[in-house]
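So the chains spell out like this:
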Number of protein chains: 2
Amino acid sequence: MDLHLDLDRAPGGTLRARTEHALREAVRGGRLLPGTRLPATRALATELGVSRGVVVEAYAQLAAEGYLDTRRGGGTRVAGSGAAHDARPAGGGMVATGAAAGAPLHRGANVRGAVPPARFDMRPALPSVDGFPRQAWLGALTRVLRTLPDERLGYGDRRGEPELRTALAASLARRRGVRATPDQILVTGGLRDSLPLVWRLLRQRGARRVGVEDPGWWRIGRSAQESGLTPVPVPTDDDGLRPDALADVQAVAVTPAHQFPTGAVLSPARRAALVAYARAHDAFVLEDDYDAEFRYDRQPIGSLQGLAPDLVIYGGSCSKTLAPALRLGWLVLPSTLTRNLHDDDPASPAGTPPPLDQLALADLIERGEVDRHLRRQRLRYRKRRDALLAELATQLPGFPVRGAAAGLFAVLLLPDGADEQAIAERAADGGVALEPLRAPGRAGLVIGYANLPEPSAPAAVRALARALT
Amino acid sequence: MDLHLDLDRAPGGTLRARTEHALREAVRGGRLLPGTRLPATRALATELGVSRGVVVEAYAQLAAEGYLDTRRGGGTRVAGSGAAHDARPAGGGMVATGAAAGAPLHRGANVRGAVPPARFDMRPALPSVDGFPRQAWLGALTRVLRTLPDERLGYGDRRGEPELRTALAASLARRRGVRATPDQILVTGGLRDSLPLVWRLLRQRGARRVGVEDPGWWRIGRSAQESGLTPVPVPTDDDGLRPDALADVQAVAVTPAHQFPTGAVLSPARRAALVAYARAHDAFVLEDDYDAEFRYDRQPIGSLQGLAPDLVIYGGSCSKTLAPALRLGWLVLPSTLTRNLHDDDPASPAGTPPPLDQLALADLIERGEVDRHLRRQRLRYRKRRDALLAELATQLPGFPVRGAAAGLFAVLLLPDGADEQAIAERAADGGVALEPLRAPGRAGLVIGYANLPEPSAPAAVRALARALT
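Residues numbered from 1 in each chain as written. Chains lettered and ligands numbered in written order. Predicted model: local features only at pLDDT ≥ 70, side-chain atom pairs only at ≥ 80, totals over all residues. Heavy atoms only, no water.

Caption draft 1: Representation of the side chain of Gln 184 of chain A in the model. Take Gln 184 of chain A: it is sitting in the loop between α6 (162-176) and β6 (185-188). Using a relative accessible area of 11% as the deciding quantity, one classes Gln 184 of chain A as buried. (Helix = DSSP H or I, 4+ residues; strand = E, 2+ residues; numbered from the N terminus. Buried < 20%, exposed > 50% of the residue type's maximum accessible area, 1.4 Å probe, protein only.)

Shown next as C-alpha cells:
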C-alpha cells in the first residue's frame, strides 16, 4: 500500500512532524478517503525510510486530531462520517457504498445493491435469482483455480476458451438442436454486448436494412441503428413474426421459440417461410434464443439454426438459465462469417468474458450440473406460472392471458384503449414491477413469474388488481 | 439434459426400436458429439415417457453397435475417436479440446490451452502469471457467493458495481493520486475493450483528431480510426511524448508513467506542457496507466489525472497487477463526460464484467490483499529485472539497454540498420518470445522480464544472443 506521501515537500521540521503533515494533507485533500485502512506502522516506516516510532507517533497524533480512527479492530483507518463506511456491517468484508456512488441504494442482507427491488419483481427478463446454484458455481471455480496451468492466466482467446466452445457445441446440439463446430462459436458477455459485432459482420456482407419484430426488444432496433443499419419493423401475431411482411431486408432478428414480448411461438409454416425468404434473398437471420430452455407443456422446440446453419446467427446466454450476473453468452455463426475474427482484425470480438468464468461454465456443463439445474428450474417455473395464472383467473377473470406455456413471462391483455403505461406505473407504485406490452393496436402487461414464489401470487395479483381499477 | 429425441418421427416399431433409432440418428447426424455424456437411464425414460427398461436396452444395443461407450466410469457417453475426448485426463473434470476448436493447442498440466508457450515467454505485456494469488481470489469469490443477496444476481449496474467503484476511488487515490468520486468510475473489461466508448465520448465532445504516441501501442490508433477519429502520430523520445509536436488534435493518448514501448517516463516539464496544451485547446488526454504500479528505484510517479481531473480520462486494469485472465479494468472520467452513461443511452457501456468478479476484486482491495500482492510482485519483478540486465550486460555488452527501472519490460537497442523483425522471428524460433520496438529511426527489442525467473535468465539471454548473431 503506497500512500504517495512526499516527505520532502512537507514543511521543514522533524521527520515525525513531516510525516504527520503529509498524512494530514492526504486526508484533507481527499486522497485518503474515509474508511481507508492505513498500512501497518512497520510497513509505512519501511516505505518512508523512517523508524517505526515516527509512524506510531504520527498515527497517534492524527487519531487525536480526529483524522484517523484506531478504535475499531482491523488496524488504523481514515476517520470520517461517510455513510458508506459507517454502514458497513462488522464482519462483512465488502465495502458497502454510500450516496457518493450516485445510484439509488438500498440495504441488502449483507451488501447494499444498486437497484431498489420492488416488493414483487415481475419484470419479464428476470430469471429466478433465488435458484442460482451458488455451491455448484463455487465448486466449478474452485476446480478451475486448482487445476489451471499458469499460462492459462494470460490473455486467452478472444473467441472464447476452447473448452467452453467445445462444451457449448455439444450441449447446444443436444438441447437446442444447434448444428455447429466449436470454431463457429463465440463466447460473449450476452446478446446485448455482442450485437455490435453481429451488425458489423452483417454490414460486411452487404446488409443495409434489418427486419425487427414489432413489438419486440427495443434494444435490437436501436443497436442496429447505432451500427449504421436501418431497422424495419415487421408485424407479429399469435404465430410470431410474419415472414410475408418482409421486404427489402438483408437480415431479420427474431425470437422463434418464444416471441418477446407477446409470448407467441413461431409456427412451423412461418419457420419454413422465414428460412425460404433468407435463402431467396441472401439474407441472414439473427435468432435470439433467450429463454427457449423453458417449455412447460412439451419438449422445447428446436432452434431455427438447426434448420439452416448457413443462414442463421444464433445467440444465447446464461442470463435466463443461471443468472444475469454471470454475464456469459454465446453466438453461433455460419461458417461463412467466422473469418475476420482473429485477434488483430478490426472485427475481432470485444468484451470476451473472463476465462476463469468461461472454464467454470464448461466444467458445469460437462458434469451435467447445468442440465440438472435446468430440470429443477423448469419444475419451479411451471409451478410459479400455474400459481400466477390461477390467481389471475380468480381475481381478474375479465382479462385474457396470452403467451405459450414457456419461458419466464405471460401477457395479460387489457381492454382496448387502456393506458398500459399508466397502469404499469401505478403497479410500480403499488410494489409490482412489470412492463407494458408496447404492441401496436393492443394494450397489455408483460408479467414475469420466475421471481414470484407460489405463496406470493395472491398478494402480487391483488396489488396488480388495485393498479387496474 | 434434453436430447431432443423425437420418438414420433422415428419409424414405427416398438418403443425400444424407436428410441434406439432416434438415438442412433442423433449420433450419426452429429447432434450428439463424441464424448457427450448421456442422461441416466431413469432420467431419459422420464423425459421420453417410456419405461426405464426401454432405455437400458436401447443404450445396450447402441453400445454394442459402437455408437455409445459404457466402459469408462461416469455413465454412458457417445463413442468416437475425437482427440478432444480421448485426451481428457481421468480426474480432470474439464473438457479438454481437440483440433475441432480451430486454434493451435498444446497440452497443459491438466487442461490444454489456446497458445503454445515459448520456452521463455518474454512478451512485454505479460505479468508474472505464476504469481497470481489463486487462494486469495478464491477466498474472495467464496465470501461474495456466501453473502450476496439474491437480488444482486440480476443484471447489475452497467457502470460497475457500487462496491468496486467505491473501493477503486479510494485505492486509486492512495496508490496513483487519482482524484475522483465513485460515480466518475466505470468498471470495464480492460482498456482495449473500453476504447470504443472512450472515442464515442470524445467524438460527442467534438474531437476529430487524436494524438497517439509514436512508437506506441498500435491498437490505440487503430481503434480510434475504427471509431471515426483520425490518429495523428506524435514523436516520443527519452522523456516520453513531445507535447511541442502536438498540432490540431482534440485528444491525446499517452502512457506517462512508463511509455510503451520505449520505457521512457514523461518528464515533469512535459507533463505540465501536455496539460497546458489540453487546457488551451479544449482537448482531453487519455492516460493509459497500464503498469505504473511497478517502479523499482523510487515511489511510483502519481497519475497525470491527479494534475488535471477535468481533462484526463484515466484507464487502468488488473491485467498487469493480478492477471489478464480476470479481464477487469476501469476508466476514470472527467465529471463532464459522465452524463449519457445511463442504461438506456446509446453510449451506455458494453462489456461490463460479471458482477461476481467485480465484487471479489472490491473485497480483495478492501482487505488490503491487492496491496500485499503488489508489494510481493514488485520485489519479484525487481529481482527478475536485475537478473535479466546482469545477463544482458555480461553476454551482450555491446547492446545498450533503455527504459526506466519500472514496469514489466526493458528495451535492448540494436545497431542502426539491424532488422529487428527478423531478429525477433529468429528469437521465436529459438524459444524466446519478445517484440520488435517498431520505433522510427531506431532498432530494438522489447523484452519482458515478468515471466522470467532469475535462474532462467542466463539460458534465455543465451538463446536471445544466438538470434543476434
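Having put the structure on the table, let's press on.
Caption draft 2: View of the packing of aromatic side chains. This model, assessed by the stated rule, comprises eight aromatic pairs over all chains. Ring geometry for Phe 294 of chain A against Tyr 381 of chain A: centres 4.9 Å apart, planes inclined by 75 degrees, an arrangement best described as edge-to-face. Taken together, the residues Phe 294 of chain A in the loop between β11 (284-288) and β12 (312-317) and Tyr 381 of chain A in helix α11 (residues 369-395) connect sequence positions 87 residues apart. Their ring planes at 90 degrees and their centres at 6.1 Å tell us that Phe 260 of chain B and Tyr 290 of chain B sit as a pair that is edge-to-face. Of this pair, Phe 260 of chain B sits in the loop between β10 (251-254) and α9 (268-280) while Tyr 290 of chain B sits in the loop between β11 (284-288) and β12 (312-317), placing them 30 residues apart in sequence. Owing to a relative accessible area of 15%, Phe 260 of chain B belongs among the buried residues under this scheme. (Phe/Tyr/Trp six-rings, centres within 6.5 Å; stacked < 30°, edge-to-face > 60°.)

Caption draft 3: A look at the sheet that holds strand β13 (residues 329-332) of chain A. Residues and elements named next belong to chain A. Taken together, the eight strands give an open sheet; going across it, the order is β6-β13-β12-β11-β10-β7-β8-β9, and neighbouring strands pair in mixed fashion. Of all strands in the sheet, those bounded by a partner on one side alone are β6 and β9 (240-241). Contacting β6, β7 (209-214), β10 (251-254), β11, β12 and β13, helix α7 (residues 191-204) runs over the sheet at an angle of about 175 degrees to β11. (Pairing = 2+ DSSP bridges. Contact = heavy atoms within 4.5 Å. Axes fitted to C-alpha atoms, helices over the stretch in contact; angles between N-to-C directions.)

Caption draft 4: A look at the environment of Leu 168 of chain B. By the secondary structure assignment, Leu 168 of chain B is in helix α6 (residues 162-176). Separated by 164 residues in the primary sequence, Leu 168 of chain B and Val 332 of chain B place their C-alpha atoms 9.6 Å from one another.

Caption draft 5: Fine view of the sheet that holds strand β7 (residues 209-214) of chain B. Residues and elements named next belong to chain B. Taking strand neighbours across the sheet as the criterion, the eight strands line up as β6-β13-β12-β11-β10-β7-β8-β9 in an open arrangement whose pairing is mixed. In the strand order of this sheet, the two ends are held by β6 (185-188) and β9 (240-241), each with one partner. Pairing geometry for β10 and β11, over four bridges, is parallel. Bridge pairing in β11 links Val 252 to Val 285. Contacting β7, β8 (230-237) and β10, helix α8 (residues 218-226) crosses the sheet at an angle of about 165 degrees to β7.

Caption draft 6: Highlighting α6 of chain A. Residue and element names in this part refer to chain A. With 15 residues, α6 should reach 21 Å at 1.5 Å per residue; the first-to-last C-alpha distance of 20 Å fits that figure. Taken across its 15 residues, α6 has 15 buried, putting it largely inside the fold. A positive phi of about 65 degrees marks Gly 177, the residue just after α6. (Expected span 1.5 Å × (residues − 1).)

Caption draft 7: Focus on the pattern of salt bridges. With the rule as written, the count across this model stands at 46 salt bridges over all chains. Linking Arg 208 of chain A and Asp 248 of chain A is a salt bridge whose minimum nitrogen-to-oxygen distance equals 3.9 Å. Here Arg 208 of chain A, found in the loop between α7 and β7, pairs with Asp 248 of chain A, found in the loop between β9 and β10; they are 40 residues apart in sequence, far enough to count as distant. Residue classification places Arg 208 of chain A among the partly exposed residues on the basis of a relative accessible area of 47%. Among the ionic pairs, Arg 152 of chain B bridges to Glu 163 of chain B, the shortest N-O distance being 2.9 Å. A residue pair is termed long-range when its members are at least 10 positions apart, and Arg 152 of chain B in the loop between α5 (134-147) and α6 and Glu 163 of chain B in helix α6 qualify at eleven residues. Taking the relative accessible area as the measure of exposure, Arg 152 of chain B reaches 6% and is therefore buried. Classification of Glu 163 of chain B as buried rests on a relative accessible area of 0%. What emerges from the salt-bridge pattern is a single network uniting Arg 174, Arg 175, Glu 293 and Asp 371 of chain A. (Salt bridge = Lys/Arg side-chain N within 4 Å of Asp/Glu carboxyl O.)

Caption draft 8: Here's a closer look at the pairing of β11 of chain B. All names here are of chain B. The buried fraction of β11 amounts to five of the five residues, a majority that puts the element mostly inside the structure. Residues of β11 alternate between two faces, with Phe 284, Leu 286 and Asp 288 on one and Val 285 and Glu 287 on the opposite face, all of them buried. Between the parallel pair β10 and β11, the chain is carried across by α9, and the sense of this crossover is right-handed. Where β11 and β12 come together, four bridges link them in parallel fashion. By the bridge assignment for β12, Val 285 is matched with Val 312. (Right-handed = clockwise from strand over helix to strand, strands pointing away.)

Caption draft 9: View of the nonpolar core. In this structure, Trp 137, Leu 361 and Leu 464 of chain A together with Trp 137, Leu 361 and Leu 464 of chain B are the most contacted members of the largest nonpolar core, which totals 145 residues. Discounting residues that sit within four places of it in the chain, Trp 137 of chain B has contacts with Leu 145 and Leu 356 of chain A together with Phe 132, Leu 326, Leu 328, Asp 357, Ala 360, Leu 361 and Leu 364 of chain B. (Core = buried A, V, L, I, M, F, W, Y, C linked by side-chain atoms within 4.5 Å.)

Caption draft 10: Region of the structure containing the packing of helix α5 (residues 134-147) of chain A against helix α10 (residues 355-366) of chain A. Residue and element names in this part refer to chain A. Running from N to C, α5 and α10 point in directions that differ by 115 degrees, and their axes come no closer than 8 Å. Taken together, the axes of α5 and α10 lie roughly perpendicular to each other. Along this stretch, α5 crosses α10, giving a crossing that reads as right-handed. Between α5, through Ala 136, Trp 137, Ala 140, Leu 141, Arg 143, Val 144 and Leu 145, and α10, the contact on the second element is made entirely by Leu 356, Asp 357, Leu 359, Ala 360, Leu 361, Asp 363 and Leu 364. In the contact of α5 with α10, the residues fall into eleven nonpolar, no polar and three charged. (Parallel < 35°, antiparallel > 145°, perpendicular 65-115°, else oblique. Left-handed = near helix turned anticlockwise from the far one by under 90°. Nonpolar A, V, L, I, M, F, W, Y, C, P; charged D, E, K, R; others polar.)

Caption draft 11: Summary view of the packing of helix α11 (residues 369-395) of chain B against helix α13 (residues 457-467) of chain B. Residue and element names in this part refer to chain B. The N-to-C vectors of α11 and α13 enclose an angle of 45 degrees; their axes lie 9 Å apart at closest approach. Comparing the axis directions of α11 and α13 gives the class oblique. Pair α11 / α13 crosses with right-handed handedness. Contact with α11, carried on its side by Ala 387, Leu 388, Glu 391, Leu 392 and Gln 395, involves Ala 457, Pro 458, Val 461, Arg 462 and Leu 464 of α13 and no other residues of that element.

Caption draft 12: View of unusual backbone geometry. A cis amide bond links Phe 260 of chain A with the next residue in sequence, Pro 261 of chain A, at an omega value of 5 degrees. Inspection of the secondary structure assignment puts Pro 261 of chain A in the loop between β10 and α9 (268-280). Positive phi, close to 55 degrees, is recorded for Asp 248 of chain A, a residue that is not glycine. Phi is positive for Asp 282 of chain B, which is not a glycine, with a value near 55 degrees.

Caption draft 13: Examining the environment of Ala 40 of chain B more closely. All names here are of chain B. Position of Ala 40 among the secondary structure elements: in the loop between α1 (15-28) and α2 (41-48). The class for Ala 40 is exposed, based on a relative accessible area of 52%. The spacing of Ala 40 and Arg 119 is 79 residues in sequence and 45 Å in space, taken between C-alpha atoms.

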